[in-house]
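Residue-level listing of the chains:
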Amino acid sequence: MGSLRFRPGVALFMLPAFALYSLFFIVPFLRTMYGSLFDWNGMENARFIGLGNYAQLARDSLFLTGIGRVALWALLAIIFKVGTALVLASMLRLPIPGERFFTGAFFVPVVISSAAISLMFTLLYDPDIGLIDVALRGVGLGFLAHAWLSDENLALYAVIAVPIWHTIGYFFIIILAAVRNVPAELYEAARIDGAGARTLFTRITVPCLWPVLQVCIILAITAAVKSFDYVFVMTKGGPGTATEVPATYLFRTIFTNLQLGYGTAMASTIFLIALVSTLAFRRLTTFRLD
Amino acid sequence: MHGLAPFAVGRRPRLVARLRRLSPLVAVYVVLVIHSLLTLFPLVWVLSNSFRKNDAILTSMRLIPESLQLSNYVEMLHVTSIPLAFFNSFTITLASLALLVAVALPLSFALSRFRFRFANWVFMFFAAAVLVPSVSVLPMTFRLFADLGLLGTKYGIAFVYATEQLPVSVFLLVTFMRAIPQELDEAALIDGCGLWDLFLRVVVPLSRNGIVTILILAFVAVWNDYLTALVLLPDQENQTLSLALAYAKDEYFVNYGMMSSAIVFAVTPMLIVYLFLKDRLISGMAAGAVKG
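Definitions and limits used
Residues numbered from 1 in each chain as written. Chains lettered and ligands numbered in written order. Predicted model: local features only at pLDDT ≥ 70, side-chain atom pairs only at ≥ 80, totals over all residues. Helix = DSSP H or I, 4+ residues; strand = E, 2+ residues; numbered from the N terminus. Buried ≥ 20, exposed ≤ 12 C-beta atoms within 10 Å, placed from the backbone. Contact = placed C-beta atoms within 7 Å. Expected span 1.5 Å × (residues − 1). Nonpolar A, V, L, I, M, F, W, Y, C, P; charged D, E, K, R; others polar.

A.B. asks: Please set out the overall build of chain B residue by residue, giving values where relevant.
C.D. replies: Helix and strand counts for chain B stand at 13 helices and one strand. Across chain B, helices and strands are ordered from the amino to the carboxyl terminus as α-α-α-α-β-α-α-α-α-α-α-α-α-α. Expressed along its principal axes, the backbone C-alpha trace of chain B runs to roughly 95 × 60 × 35 Å. Among the 292 residues that make up chain B, the fraction classed as buried is 43%. Sequence-distant contacts in chain B: of pairs separated by 6 or more residues, those separated by 24 or more amount to 77%.

This is the structure in structure tokens:
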């Protein structure tokens, strides 16, 4: 990495970080993996059951439904979050008047906490005073107004929409930086050859941006797999279990039901799903383009 | 009359061509403006409601309040735990950032300036945490806190925040420090300057920009965190802003005006930071994403 010769004193510079990271990441991480092999309620009487927790998890319909929900969450996030960000960024590829205003405005929600955003959307979704229902009634679409977060069929979609709204600006900024790095000659050459705006988008913008879009899609997938804040603040998994996702179920299993063994098995599974989907997506989509 | 005809004929296609050339731009502006409105409307609506009492909010929707009453704010500051939580968020964030810099800087210095066999392994070791969602580790961090007697303390969580931010910070700092010319170090060492001096007097001052970037990134992440605080700060007197907001929602939700004022109060510091550091914040967060 560097060019200076190593000497023992250098190890001292790594020691504090090593100690902190080992104690507060490696230790709890290994304990999670290890604990998932036990039937354990947090007290003394832990009983080794091998992969028993995982076998139970594979039959736990609430957990499996939760995985289905985050898969839907990831899919919608990729389409609407990455998609919208890509469209907005390619529109601002060339500087146009007002560009700084738009960039600034799109990024505003990104700096706000998920808790504040969730609270704000609980107000927005409110059937009595919420901006959404009031606006719908105002334009004569009152029949579309709903109690979004307490309707079993709509609550999940209402929740998923919030992180999409919240982080479009983040993805927009990442993609915008990449779009502006695409050599302008590519666009000019294609235009001289008679390519229209759509061709430019599908044949130049998207292929040139693919590595960055890959990163964005992976970020969207992992964010969905570990989604917790929005659900927990807005619905706590309800109504009933209509918005329960693996992370909120894990939280309840450990901190309410005190099933530490089963809960850590969930924690390990969430980690594995995030890891495998990241690696699989990268492998599959990189292979195809080479 | 006849004299006008060629003029009109000549002008018409030019106008059509101009419109055709302009219309994609018009479409672009329409999309950009609509998205800006969708982004800003909810925020303006909350800001407006924070100055209105419930009876006004229940009767009409307004993006500009009737008057600038501060009664919601006064009530929020008295009734809820948000002012205390604001103070807690501030001190906890400060402690976490100090700890982060104290451990990330020396590590990045060692990794970026010295040649040794295990450098890449060390790097990978510290990068591994990026792959693990914090929700997967936090229950056992909670147990660890109980074992170490850190549960119920206010600043114990700073260890975890610093750990969570360590991988990305080290990534960015190492990249940054590698760009500093290495000849400088050798010259300094030949002049009899010790490792510690090299670190503190040469590398750290030259990494100022990188340090500011990781501080901004970590500030946003720690200040906005909800989950880690939810698990590790069970005592109400240690609550951070995110926790207090969620708690206030469960207690006082139907007091819409006061809830709105709580949101505004909680997000204003971040928006001020954003206003002053917009470009730095945006480029820092973009870099953090691509590295992470």
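From this point, the narrative continues.
A.B. asks: Which residues make up helix α10 (residues 208-224) of chain B, and what values do they have?
C.D. replies: End to end, α10(B) covers 24 Å across 17 residues, agreeing with the expected 24 Å (1.5 Å per residue, within 8%). Of the positions making up α10(B), those classed as buried are G210(B), T213(B), I214(B), I216(B), L217(B), A218(B), F219(B), V220(B), V222(B), W223(B) and N224(B).

A.B. asks: Mind laying out the interface of chain A and chain B, listing which residues take part and the relevant values?
C.D. replies: With 69 residues of chain A at the interface, the matching set in chain B holds 75 residues. For the side of chain A that touches chain B, the element with the most residues is helix α1 (residues 9-35) of chain A, which contributes 16 residues. Considering only residue class, the side of chain A that touches chain B consists of 52 nonpolar, 12 polar and five charged.

A.B. asks: Describe the environment of L43(B), with residues and values.
C.D. replies: Residue and element names in this part refer to chain B. With respect to the element layout, L43 can be found in helix α1 (residues 4-49). Residue L43 is classed as partly exposed on the basis of its C-beta count, with 19 C-beta atoms lying within 10 Å. Note: C-alpha distance between L43 and V264 (221 residues apart in sequence) is 8.8 Å.

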